[in-house]
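# Survey of secondary and tertiary structure
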Amino acid sequence: MEELFIQQVYQVVRLIPEGKISTYGAIAKAVGYPNHSRQVGHAMGVCPKDVPAHRVISSSGKLSVPSFRERLEKENVVVQDNWKIKDFKKLFWDPLNEI
DNA sequence: TGTATGACGTCAG
DNA sequence: CCTGACGCCATAC
């Protein structure tokens, strides 16, 4: 996998504001690889600590990593019992509208 | 070279 | 709301 892709993914994720969230697919699209949502997921798994990986979730609005619930709730993001984000559409941050 | 496996996405049922 | 089937693409074996 291209190092450039990884770095670009990290850079975009670092732009997600506290209390907001985005999706794997949106990030992938933003860096020019529309069909690489899975690779974004992998990148999140090995990202440095300064990357807010907990703000990246699936397009269905649910957490792929349930353990991130705490970190999200610290940012006042409400996580429901089915691991879905409350007001997902309202909290969604689209990288395409920021670059 | 082929198969299995992911922090995924979309669409039916 | 949940599940399964596909499509997708890099990696591991």
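Predicted model only: the values in this text are computed from it and were never measured. (Residues numbered from 1 in each chain as written. Chains lettered and ligands numbered in written order. Predicted model: local features only at pLDDT ≥ 70, side-chain atom pairs only at ≥ 80, totals over all residues. Heavy atoms only, no water.)

### With respect to unusual backbone geometry
With glycine set apart, most residues show a phi of negative sign, and most peptide bonds adopt trans. Positive phi, close to 65 degrees, is recorded for N76, a residue that is not glycine. Among the structural elements, N76 can be located in the loop between α4 (69–74) and α5 (88–91). Overall, N76 belongs to the exposed group, its relative accessible area being 70%. A positive phi angle is found at W83, which is not glycine, with a value near 70 degrees. (Helix = DSSP H or I, 4+ residues; strand = E, 2+ residues; numbered from the N terminus. Buried < 20%, exposed > 50% of the residue type's maximum accessible area, 1.4 Å probe, protein only.)

### Observations concerning the nonpolar core
V9, Y10, V13, I27, V40, M44 and V56 are the most contacted members of the largest nonpolar core, which has 19 residues in total. Those elements that place two or more of their residues in this core are α1 (3–14), α2 (24–30) and α3 (37–45). Looking at this core, the element that brings in the most residues is α1, giving six residues. I21, L63, V79 and L91 belong to the second largest nonpolar core, which has nine residues in total. (Core = buried A, V, L, I, M, F, W, Y, C linked by side-chain atoms within 4.5 Å.)

### Some details on the side chain of R55
Tracing the backbone through its elements, the reader meets R55 in the loop between α3 and β2 (56–57). On the basis of relative accessibility, which here comes to 10%, the residue R55 falls in the buried class. In this structure, R55 is in contact with I16, P17, E18, G19, K20, I21, S22 and E75, ignoring residues within four places of it in sequence. (Contact = heavy atoms within 4.5 Å.)

Distances and angles like these do not, on their own, reveal function.
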